[in-house]
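So the chains spell out like this:
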Amino acid sequence: TAAAFAAVARGAGCAIAAIALSRPERGAVFVGCQAVPQILEVSIADGTTRTTIKAGKVGVVQLASVGLGFDEWLLSACPGSALKLWHAPPPSSKASVTQKLKLAGPADTSTCVSVCCQKGRLLALCADGTAQVDVFSVDASAEAPAKPASAAFALSSLEYMTAARFMSSPGQAEGRTCVVGCGPTAATCWSFRVDRPGRGSGPKTVTALFVVFAADLGGRVLAARPALPQTGAPPALAVAWGTAAAPVFASAKPSPAGGGAAVAEPMR
């Protein structure tokens, strides 16, 4: 896919910096590079460029996508610009990809974005290497506001979070969603009701359901992902820690003692 940028840029800047898979029915990937502010939709079947989207003034650093109905929704992040949510109709409609709305992005460059849908609403999040992850909740069918939409929730963390994503859990209560985040010193899980945002002008602060610290694992946290979901069980994480050359894997879940503590066990 890097070759697709050769027509608009040259050199090392053509390397892919962000990628988001579409649903299998669409058969494409959305990609961005640091050299140019365009997002390309590239066909998986033959590598041709289907669509070119101008996302900002500088290169694209993060992308995420989700399907809602027959449509695809794409979240993009560019340095110094608001987050942007794009609507991609099915290819059979011949309609263009259009910008739906802007989200108030972080002051620093985004390090990770994620998007999901829940009962007709789109949930988007952004991590930027600080001790907070911003979560936005928007109506996919509503008219776009004049100003960038503000975050509905602020997921607070005891450590810096460089990555975060939504996770599904069959056992979670109606109207709730879970987010897993991680940074070098910790992996964190949040669970909250998306239908209860803050009532004031600012976002609602959400504290962690549980936290796994690198010091308790015995080494630097490399990555964290949702563990295989089990009906009726609380959210659990799969955590990779140690060195990139020889990672160690552990499973983590909330401690029965509560208080945000976690129980971590080696994965076999």
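Our subject in this report is the structure included herewith. (Residues numbered from 1 in each chain as written. Predicted model: local features only at pLDDT ≥ 70, side-chain atom pairs only at ≥ 80, totals over all residues. Heavy atoms only, no water.)

**Notes on the pattern of salt bridges**
Applying the stated criterion across every chain yields a total of 4 salt bridges. A salt bridge links Arg23 to Glu72, with the shortest nitrogen-to-oxygen separation between them at 3.5 Å. Here the residue Arg23 occupies a position in the loop between strand E1 (16-21) and strand E2 (28-33), and Glu72 occupies one in strand E6 (residues 71-77), the gap between them amounting to 49 residues. Between Glu41 and Arg50 there is a salt bridge whose closest N-O contact spans 3.6 Å. What emerges from the salt-bridge pattern is a single network uniting Arg26, Glu41 and Arg50. (Salt bridge = Lys/Arg side-chain N within 4 Å of Asp/Glu carboxyl O. Helix = DSSP H or I, 4+ residues; strand = E, 2+ residues; numbered from the N terminus.)

**Some words on the sheet that holds strand E17 (residues 210-213)**
Strand order across the open sheet formed by 4 strands is E13-E14-E15-E17, with antiparallel pairing between neighbours. Each edge of the sheet is formed by a strand with only one pairing partner; in this case those strands are strand E13 (163-167) and E17. In this sheet, neighbouring strand axes are inclined to one another by 15° on average, regardless of whether the strands run parallel or antiparallel. Note that E13 and strand E14 (residues 176-183) share 5 bridges and pair antiparallel. Within the sheet, the bridge partner assigned to Arg165 lies in E14 and is Val180. (Pairing = 2+ DSSP bridges. Axes fitted to C-alpha atoms, helices over the stretch in contact; angles between N-to-C directions.)

**Some thoughts on the state of the cysteines**
Applying the stated criterion across every chain yields a total of 0 disulfides. Not part of a disulfide, Cys78 finds its nearest cysteine sulfur in Cys33, a span of 10 Å. Note on Cys78: relative accessible area 7%, which makes it buried. (Disulfide = S-S within 2.5 Å. Buried < 20%, exposed > 50% of the residue type's maximum accessible area, 1.4 Å probe, protein only.)

**Quick notes on the sheet that holds E2**
The pairing of strands in a sheet comes from backbone hydrogen bonds and takes either a parallel or an antiparallel form. Pairing is antiparallel in the open sheet, where 4 strands are placed in the order E1-E2-E3-E4. Every interior strand has two partners, whereas the edge strands, E1 and strand E4 (49-54), have only one. Going from strand to strand, the sheet's axes swing by 20° on average, the running direction of each strand aside. Pairing of E1 with E2, which is carried by 5 bridges, proceeds in the antiparallel orientation. If you follow Ile16 over to E2, its bridge partner there is Cys33.

**Concerning the pairing of E2**
Side chains on a regular strand alternate between the two faces of the sheet. The buried fraction of E2 is high, at 6 of 6 residues. Side-chain alternation along E2 places Ala28, Phe30 and Gly32 on one buried face and Val29, Val31 and Cys33 on a second face that is also buried. Pairing of E2 with strand E3 (residues 38-43) involves 5 bridges; the strand directions are antiparallel. If you follow Val29 over to E3, its bridge partner there is Val42.

**Some thoughts on the packing of aromatic side chains**
Enumeration according to the criterion identifies 1 aromatic pair in this entry. For the ring pair Phe153 and Phe192, a centre distance of 4.9 Å and an interplane angle of 45° mean the geometry is tilted. With Phe153 in strand E12 (residues 153-156) and Phe192 in strand E15 (residues 186-193), the pair connects residues that are 39 residues apart, well separated along the chain. (Phe/Tyr/Trp six-rings, centres within 6.5 Å; stacked < 30°, edge-to-face > 60°.)

**Structural notes on the side chain of Lys84**
Topologically, Lys84 is positioned in strand E7 (residues 83-88). Buried and unpaired, Lys84 has no salt bridge, with Glu41 as the nearest side chain of opposite charge at 17 Å. A distance of 2.8 Å separates the side chain of Lys84 from the backbone oxygen of Ala55, its partner in a polar contact. Discounting chain neighbours no more than four positions away, the residues touching Lys84 are Ala55, Gly56, Leu74, Leu75, Ser76, Gln99, Leu101 and Lys102. (Lys, Arg positive; Asp, Glu negative; His and termini not counted. Polar contact = N/O pair within 3.5 Å; in protein donor to acceptor, adjacent residues only side chain to side chain. Contact = heavy atoms within 4.5 Å.)

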